[in-house]
Amino acid sequence: MFKGNIFSNHNIATFTLLIMSVQILFIEGWAVSTPKVIFMALTPFIILFRTQYISKATIFAALYLIVTVCFLLLKPDFRSSTIYYSTLFFFTFNLYYNLVFHENVYTIDDFIKILKGLIYAYAICLVLQQICIIIGIRYAPIINMMGADYYSFFHLNTLAIEPSHAARLLTVFFYGLLKLSQYKNDGIPLKISALWIEYKWTIIAFLYTMICIGSGTAFVGLAILSLYFLKREYIIAVLVGATAFYMAVPYIDYEPLTRAIEIFNATLTGDTETITKTDSSAAARVNIIVDTFTHLDITDSSIWFGSGTDSIAKDGKYIVSAITDYGLFSYITKLIFFFSCCFTSIFSLETLMFILLFGMNIGNIAYGFATLMVFATIKYFKNNYTNEQE
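As a starting point, this report considers the structure included with it. (Residues numbered from 1 in each chain as written. Predicted model: local features only at pLDDT ≥ 70, side-chain atom pairs only at ≥ 80, totals over all residues. Heavy atoms only, no water.)

Some remarks on the overall build of the protein chain
Within the protein chain, the secondary structure is distributed over 18 helices and 2 strands. Across the 390 residues in the protein chain, those meeting the buried criterion constitute 52%. Contacts in the protein chain between residues far apart in sequence, at least 24 positions, make up 68% of those at least 6 positions apart. In the structure as shown, the protein chain presents an accessible area of about 18400 Å², 67% of it carried by carbon and sulfur atoms. (Helix = DSSP H or I, 4+ residues; strand = E, 2+ residues; numbered from the N terminus. Buried < 20%, exposed > 50% of the residue type's maximum accessible area, 1.4 Å probe, protein only. Contact = heavy atoms within 4.5 Å. Areas by Shrake-Rupley, 256 points an atom, 1.4 Å probe, with all protein chains shown as cover.)

Take a look at the structure:
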């Protein structure tokens, strides 16, 4: 994972990804992490001395921040700390992006090892936490257990703040593994049998963690990843398996899975009240997607210019906060940043993850930017590894 000189560009990039990918709660706490803020505050200086490129990430991040600040300055409740915090995240991403795209710090095998290492780390931490639960220990800071009320054998946070964060991260890590393996195979997706031979223990660690952390989000992630295998040769087996699984769920006594199916059924109605009654916790995320697609009024000037930081729902409808706070103009520049620097295509599983797992926005949160770094690295190898092979 790390190699050579401790302060090499490779190790700086790897450390940047790792510090954003885990949250050691007894050191960092549950909210704003002081160690992360200190590191992010150093990234402009690291860029200055290590990778002085004005890259796409620099240009589009600057565009987003300039547009956002311009509209926020028009609001009476302008909160500068939020912009400072956002700027730190974009500087951190810019450092990582420049090291990957311009300093070429990774080979494809390097990054596969990093993704595998992260998946194993999450799995091992989960197993250790489960052992503690079995023997009656609920507070073990060294393995990220802080005595949370929700802890149970099948509901643990592993190396993240909460199970749903871990689910999103692991989905993206495993997706990265699938895509990089595809690029190594001349752009042809590996068959399931070949993936099993190559990554058996990684697959076991991934599936065990996703199933046992107790998050409905994990099953959404697994459903999205299953679409990767929806090839002509597998389509009948996948459809039959998915149908059988869907019908069997009511007979499986596992709350996260049951919740995921119930919220899926409620979402099909398109009625946010039904979704809220089904699962108020999941509704907080799902209703944002539904309301944004169904109630975004582009004739309302406040939609284009925003209503200011932490603006509340309008008429009981919950639009993506990046739009209600900073406006549609700002949100469009943010999407330009995401699709130019991170996602390989508009019509891709990355976009589906962005919508279903992240609620169409990645704000000022470390694990979200960790996933953007992984997406960006996938994009890098799609553009470079395949070209090298031709």
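There is more to say after this.
Remarks on the nonpolar core
Within the largest apolar cluster, 112 residues are counted, with the highest numbers of intra-cluster contacts made by Phe-93 and Phe-111. Once residues within four sequence positions are removed from consideration, Phe-111 is found in contact with Leu-17, Tyr-96, Tyr-106, Leu-180, Val-374, Thr-377 and Phe-381. (Core = buried A, V, L, I, M, F, W, Y, C linked by side-chain atoms within 4.5 Å.)

A look at the environment of Val-220
Tracing the sequence through the fold places Val-220 in helix α9 (residues 216–226). For Val-220, a relative accessible area of 28% corresponds to the partly exposed category. Distance from Val-220 to Ala-167, taken between C-alpha atoms, is 9.0 Å for residues 53 residues apart in sequence. Apart from the residues lying within four places of it in its own chain, the contact partners of Val-220 are Leu-356 and Leu-357.

Let's talk about the side chain of Thr-158
Its place among the elements puts Thr-158 in the loop between β2 (145–146) and α7 (163–184). A distance of 2.6 Å separates the side chain of Thr-158 from the backbone oxygen of Tyr-122, its partner in a polar contact. Not counting residues within four places of it along the chain, the set of residues in contact with Thr-158 comprises Tyr-122, Cys-125, Leu-126, Gln-129, Asn-144, Ala-166 and Ile-213. (Polar contact = N/O pair within 3.5 Å; in protein donor to acceptor, adjacent residues only side chain to side chain.)

Observations regarding the pattern of salt bridges
Evaluated as defined, the whole model comprises 3 salt bridges. When the shortest N-O distance is used, the salt bridge between Glu-28 and Lys-36 registers 2.4 Å. The closest approach of N and O atoms between Lys-184 and Asp-109, which form a salt bridge, is 2.6 Å. Within this pair, whereas Lys-184 is found in helix α7, its partner Asp-109 is found in helix α6 (residues 108–134), the two being separated by 75 residues in sequence. Assessed through its relative accessible area of 38%, Asp-109 is described here as partly exposed. (Salt bridge = Lys/Arg side-chain N within 4 Å of Asp/Glu carboxyl O.)

Re the environment of Ile-323
Structurally, the position occupied by Ile-323 is in helix α15 (residues 321–326). The class for Ile-323 is buried, based on a relative accessible area of 1%. Along the backbone, Ile-323 and Ser-307 are 16 residues apart, and their C-alpha atoms lie at a distance of 8.7 Å.

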